[in-house]
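# Reading the structure
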Amino acid sequence: MEQKQAHIIIVDGPSKSGKKLFGLELAITLMYNKQKTAILLDSDSPLNKIINSRIASHQFLPTPTIINKDSFVKECQNFDAIIIPGITNIDDLAINADTYITLLTPQTAHKFPKNTIYLNNMWELKKKIASTHNKTLNWVICENNLKDKSITEPSKELSSIARMYGFRVAPPINKRASYLNTFNGISSQDKTYSNLKNNLTYEDICAKREITKLAEFIFS
């Protein structure tokens, strides 16, 4: 019988684009969608402390398992999804990706089509995954930390070049205080629990809707 393999999701992007926080939010969202989820972190990642604090303070909340590079191959079959934030398209682990998310900030989105090195590396990665694993890489571009909280559709510029470069453009993630609160170990996803509902805000509702919509987009 063929062993189950996790859906590997890599989160990449320029400095300060929110890779780690986004990765944790997405991992928690998948847990709420009944997917057994892990997040691959280096030992010095600040997310280790956040996740361990979440486990210690809120044992009733679904929490992704932390794994590392050394245990990656062995652990793959134990999960439905594994999130890997902060590695690049030339990292050795990238060839395992099923979905590759590139986060763009408002400052970097317009520069993206001119980043030929990155685009060429992604093209090579897509070819390598196709030849090695006989599958198509789901490359997703997501605009993160947009200033206008009413934006629900990706920019026309990215949408117009998507087919040319071989990526899909996801619904954007707006800049909301709720995402920053995840650094305290609590996601907007968690506030449906009765003992956390008193902390639920409109911002939380919007954030939960955005990240859930993105998770649905990834697996659509």
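Residues numbered from 1 in each chain as written. Predicted model: local features only at pLDDT ≥ 70, side-chain atom pairs only at ≥ 80, totals over all residues. Heavy atoms only, no water.

### A look at the environment of Ile173
For Ile173, the location among the structural elements is in strand β8 (residues 173–174). Relative accessible area serves as the criterion here: at 2%, Ile173 is assigned to the buried category. Through-space distance from the C-alpha of Ile173 to that of Lys213 is 9.8 Å; in sequence the pair is 40 residues apart. With sequence-adjacent residues up to four places away left out, Ile173 is seen in contact with Phe22, Cys142, Glu143, Asn144, Asn145, Leu146, Tyr179, Glu210, Ile211 and Leu214. (Helix = DSSP H or I, 4+ residues; strand = E, 2+ residues; numbered from the N terminus. Buried < 20%, exposed > 50% of the residue type's maximum accessible area, 1.4 Å probe, protein only. Contact = heavy atoms within 4.5 Å.)

### Quick look at the packing of aromatic side chains
Within the structure shown, the criterion is met by four aromatic pairs. Seen in terms of ring centroids, Phe112 and Tyr118 are 6.3 Å apart; in terms of plane orientation they differ by 65°. Their pairing is edge-to-face. Tyr118 shares its class with Phe112; the two are buried. Ring centres of Trp139 and Phe167 lie 5.3 Å apart, and the angle between their planes is 70°; this geometry places the pair in the edge-to-face category. With a gap of 28 residues between them, Trp139 in strand β6 (residues 138–146) and Phe167 in the loop between α5 (156–165) and β7 (168–169) connect regions that are remote in the sequence. Judged by its relative accessible area of 5%, Phe167 is buried. Through pairs of rings, three or more aromatic residues link up here, namely Phe112, Tyr118, Trp139 and Phe167. The positively charged end of Lys36 is found above the aromatic ring belonging to Phe79, 5.3 Å away from the centroid. The ring of Phe217 carries the charged tip of Arg168 above its face, separated from the ring centre by 4.1 Å. (Phe/Tyr/Trp six-rings, centres within 6.5 Å; stacked < 30°, edge-to-face > 60°. Lys NZ or Arg CZ within 6 Å of the ring centre and 35° of its normal.)

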